[in-house]
Amino acid sequence: MNKLTDYDQERKKIYKQTLGDYDLRYCTECGRLFAYPGYGPNICRDCLNKDQTDFDKVREYLETHDSSLPKTAVDTGVPPKKLYQWVREERLYFKDAEGSGLYCEICGVPITTGRYCRKCKAKLMLKGVKINTDSPSDTIDEKMRFIGNSKK
Ligand SMILES: [Zn+2]
Ligand SMILES: [Zn+2]
């Protein structure tokens, strides 16, 4: 757990007075303390809005372009890391599993999105394992091609 700065302590106090017992967390995007609504990722409302705007931009772009990940990043101005994160979160899909540079973390077959192949995912879900889609630190393969959710 991060150590609270004086500033955060102060904010925490104010939050408590105005909002009651909110679960306060650090935004994983901008690092600021925010009142967690009790569901969803650890991202503050500002960053969430920006994330949605960026995602819409990329989705629109991919409806008319067949683009690699790095090129998509350049053309839309959205950082490659973010695009990759969306692939891991299954919000974006690569067009082909072959050459996507993504592999199932359990059995190692090439996949188009997320972290596991369909089979392994089904098995995990049966076992009740929560599927974690934190962004990994892997490097990005130049040859990646992907399409948006809408063209699944
Ligand atoms: Zn934020
Ligand atoms: Zn698998």
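Residues numbered from 1 in each chain as written. Chains lettered and ligands numbered in written order. Predicted model: local features only at pLDDT ≥ 70, side-chain atom pairs only at ≥ 80, totals over all residues.

**Concerning the overall build of the chain**
Here comes step 1: Scanning the chain from terminus to terminus reveals 5 helices and 5 strands.
Here comes step 2: Listing every helix and strand of the chain by position from the N terminus yields α-β-β-α-β-α-α-β-α-β.
Here comes step 3: When the 152 residues of the chain are sorted by exposure, 18% land in the buried category.
Here comes step 4: Put simply, 38% of the contacts in the chain that link residues at least 6 apart link residues at least 24 apart. (Helix = DSSP H or I, 4+ residues; strand = E, 2+ residues; numbered from the N terminus. Buried ≥ 20, exposed ≤ 12 C-beta atoms within 10 Å, placed from the backbone. Contact = placed C-beta atoms within 7 Å.)

**What about the confidence of the model for the chain?**
Here comes step 1: With 77% of its residues at a pLDDT of 70 or more, the chain shows a mean pLDDT of 81.
Here comes step 2: Below pLDDT 50 for its whole length, residues 135–143 participates in 14 contacts with residues either more than four positions away or in separate chains. (pLDDT = per-residue confidence, 0-100.)

**Brief notes about the nonpolar core**
Here comes step 1: Among the nonpolar cores identified, the biggest contains 14 residues, and L83, Y84, W86, V87, L92, F94 and L102 are the most heavily contacted of them.
Here comes step 2: When residues of this core are traced back to their parent elements, those giving at least two are α2 (45–64), α4 (80–88) and β4 (92–94).
Here comes step 3: For this core, the leading source of residues is α4, giving 4 residues. (Core = buried A, V, L, I, M, F, W, Y, C linked by C-beta atoms within 7 Å.)

**A word on unusual backbone geometry**
Here comes step 1: A positive phi angle, close to 65°, is found at E90, a residue other than glycine.
Here comes step 2: Its place among the elements puts E90 in the loop between α4 and β4.

**Let's talk about α4**
Since one α-helical turn is 3.6 residues long, residues separated by three or four positions face the same way.
Here comes step 1: Looking only at α4, the buried set comprises L83, Y84, W86 and V87. Down the axis of α4, the sector holding all buried residues measures 155°, keeping them to one side.
Here comes step 2: Trailing α4 by a residue or two, E90 shows a phi angle of about 65°, which is positive. (Arc of directions from axis to C-beta.)

**Considerations on the packing of helix α3 (residues 69–76) against α4**
Here comes step 1: Packing of α3 against α4 brings their axes to within 9 Å, and their N-to-C directions diverge by 125°. Here α3 is positioned oblique relative to α4, judged by the angle of their axes. For the element pair α3 and α4, the recorded crossing hand is right-handed. Between α3 and α4, the contacting residues are L69, P70, T72 and A73 on the first element and P80, L83 and Y84 on the second. (Axes fitted to C-alpha atoms, helices over the stretch in contact; angles between N-to-C directions. Parallel < 35°, antiparallel > 145°, perpendicular 65-115°, else oblique. Left-handed = near helix turned anticlockwise from the far one by under 90°.)

**Some remarks on the pairing of strand β1 (residues 23–26)**
Here comes step 1: Relative to strand β2 (residues 33–36), β1 is paired through 4 bridges, and the arrangement is antiparallel. Residue L24 lies in a different strand from β2, and its bridge partner there is A35.
Here comes step 2: Linking β1 to β2, which pair antiparallel, is a turn of 6 residues; within it G31 sits at a positive phi near 80°. (Pairing = 2+ DSSP bridges.)

**Some thoughts on the environment of Y84**
Here comes step 1: Assignment of secondary structure puts Y84 in helix α4.
Here comes step 2: C-alpha of Y84 to C-alpha of T113: the two residues are 29 residues apart in sequence and 9.5 Å apart in space.

**Some details on the environment of T72**
Here comes step 1: Mapped onto the elements, T72 comes out in helix α3.
Here comes step 2: When the 22 C-beta atoms within 10 Å are taken as the criterion, T72 is described as buried.
Here comes step 3: Along the chain, T72 and Y61 lie 11 residues apart, while their C-alpha atoms are 7.9 Å from each other.
Here comes step 4: Setting aside residues up to four positions removed in sequence, T72 forms contacts with V58, Y61, L62, S67 and L83.

**Notes on the packing of α2 against α3**
Here comes step 1: Put simply, α2 and α3 touch, their axes get as near as 10 Å, and they point 115° apart. Pair α2 / α3 crosses with right-handed handedness. On α3, the residues touching K57, V58, Y61 and L62 of α2 are T72, D75 and T76.
Here comes step 2: Here the residues of the contact of α2 with α3 are counted per class, giving 3 nonpolar, 2 polar and 2 charged. (Nonpolar A, V, L, I, M, F, W, Y, C, P; charged D, E, K, R; others polar.)

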